[in-house]
Amino acid sequence: MTQHRPEPDLLTVARGWADPAGWPVALRFDSAERWYARLAVSDEHEVWALSWLPGQGTDLHDHGGSSGAFRVVSGVLTEVTVSAGRLRPRLLPAGTGRRFGARHVHQVTNRGVDPAVSVHVYRPALLRMTRYHLLDGRLRVSEVAEAGRSW
């Protein structure tokens, strides 16, 4: 009989990658664009590191059907989600994290004055991301980015 091994909790996986000293790449900050690097990939998930200078962020986006989690390693990030046709911000200081399902749409931004670093885990690995804009209280697709293009 084959035993089923439970899938790891993605926020726990992100917590395990919270120390940049253990990353296979050096942490960088890029004033021209948000920096990111894939730290690990397995059959179960992939792990990404992101750095955010003040003012850097994402558009409203989903993760192409992947579930995930992210943990703020340093600094403070603001996650904006859409609820009842309105944008809802949530501050996420260092040490906090967030799990999300396959249909989650959000925007993440560093609205603070200090740089921020976060670790993101996706199951399955990202194949695409859809970007959105909010128009008259409804999400509208603005772009679908396939793997290999700039996220």
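For the structure given in this document, a descriptive report is provided here. From a predicted model like this one, the values you see are computed outputs, not experimental measurements.

A few words on the sheet that holds strand E1 (residues 35–41). Read across the open sheet, the five strands follow the order E1-E2-E9-E4-E7; overall the sheet is antiparallel. Among the strands making up the open sheet, the edge pair consists of E1 and strand E7 (97–100). The average undirected angle you get between the axes of adjacent strands in this sheet is 15°.

Mapping threonine 130 onto the fold places it in strand E10 (residues 128–135). Filtering out sequence-adjacent residues up to four positions away, threonine 130 remains in contact with Leu60, His61, Asp62, Val141, Glu143 and Val144.

Here the focus is the pairing of strand E5 (residues 76–83). A regular strand places its side chains on the two faces of the sheet in alternate fashion. Relative to strand E6 (residues 86–93), E5 is paired through eight bridges, and the arrangement is antiparallel. Bridge assignment links threonine 78 to a residue of E6, and that residue is leucine 91. Connecting E5 to the next strand, E6, in antiparallel fashion are two residues, including alanine 84 with a positive phi near 50°.

With that out of the way, let us pick up the environment of glycine 65. Summarising the element assignment, glycine 65 is placed in the loop between strand E3 (60–61) and strand E4 (67–74). Sequence spacing of glycine 65 and arginine 103 is 38 residues, and the spatial spacing of their C-alpha atoms is 6.2 Å.

The subject of this paragraph is the environment of arginine 140. Relative to the assigned elements, arginine 140 resides in strand E11 (residues 138–146). Taking C-alpha positions, arginine 140 is 29 Å from serine 31, a pair spaced 109 residues apart along the chain. Setting aside residues no more than four positions away along its own chain, arginine 140 makes contact with Arg131, Tyr132, His133 and Leu135.

Our focus in this paragraph is the nonpolar core. Of all hydrophobic cores here, the largest spans 14 residues; its most connected members are Trp23, Trp35, Leu39, Val47, Ala49, Val119 and Val121. Considering every element that reaches this core, the biggest residue donor is helix H1 (residues 10–16), with four residues. Contact partners of alanine 49, with chain neighbours within four places excluded, come to Trp23, Trp35, Tyr36, Ala37, Leu39 and Ser118.

Right, let's talk about the pattern of salt bridges for a bit. Applying the stated rule across the entire model yields six salt bridges. In this structure, the salt-bridge partner of arginine 99 is aspartate 9, at a minimum N-O distance of 2.8 Å. Here the residue arginine 99 occupies a position in strand E7, and aspartate 9 occupies one in the segment before H1, the gap between them amounting to 90 residues. A residue is classified by how much of its surface remains accessible, and arginine 99, at 48% relative accessible area, is partly exposed. With a closest N to O distance of 3.9 Å, arginine 128 and glutamate 146 form a salt bridge. With a gap of 18 residues between them, arginine 128 in strand E10 and glutamate 146 in strand E11 connect regions that are remote in the sequence. Through salt bridges that share partners, Asp59, Arg131 and Glu143 make up one connected network.

Here is what the cut-offs are and how they apply
Residues numbered from 1 in each chain as written. Predicted model: local features only at pLDDT ≥ 70, side-chain atom pairs only at ≥ 80, totals over all residues. Heavy atoms only, no water. Pairing = 2+ DSSP bridges. Helix = DSSP H or I, 4+ residues; strand = E, 2+ residues; numbered from the N terminus. Axes fitted to C-alpha atoms, helices over the stretch in contact; angles between N-to-C directions. Contact = heavy atoms within 4.5 Å. Core = buried A, V, L, I, M, F, W, Y, C linked by side-chain atoms within 4.5 Å. Buried < 20%, exposed > 50% of the residue type's maximum accessible area, 1.4 Å probe, protein only. Salt bridge = Lys/Arg side-chain N within 4 Å of Asp/Glu carboxyl O.

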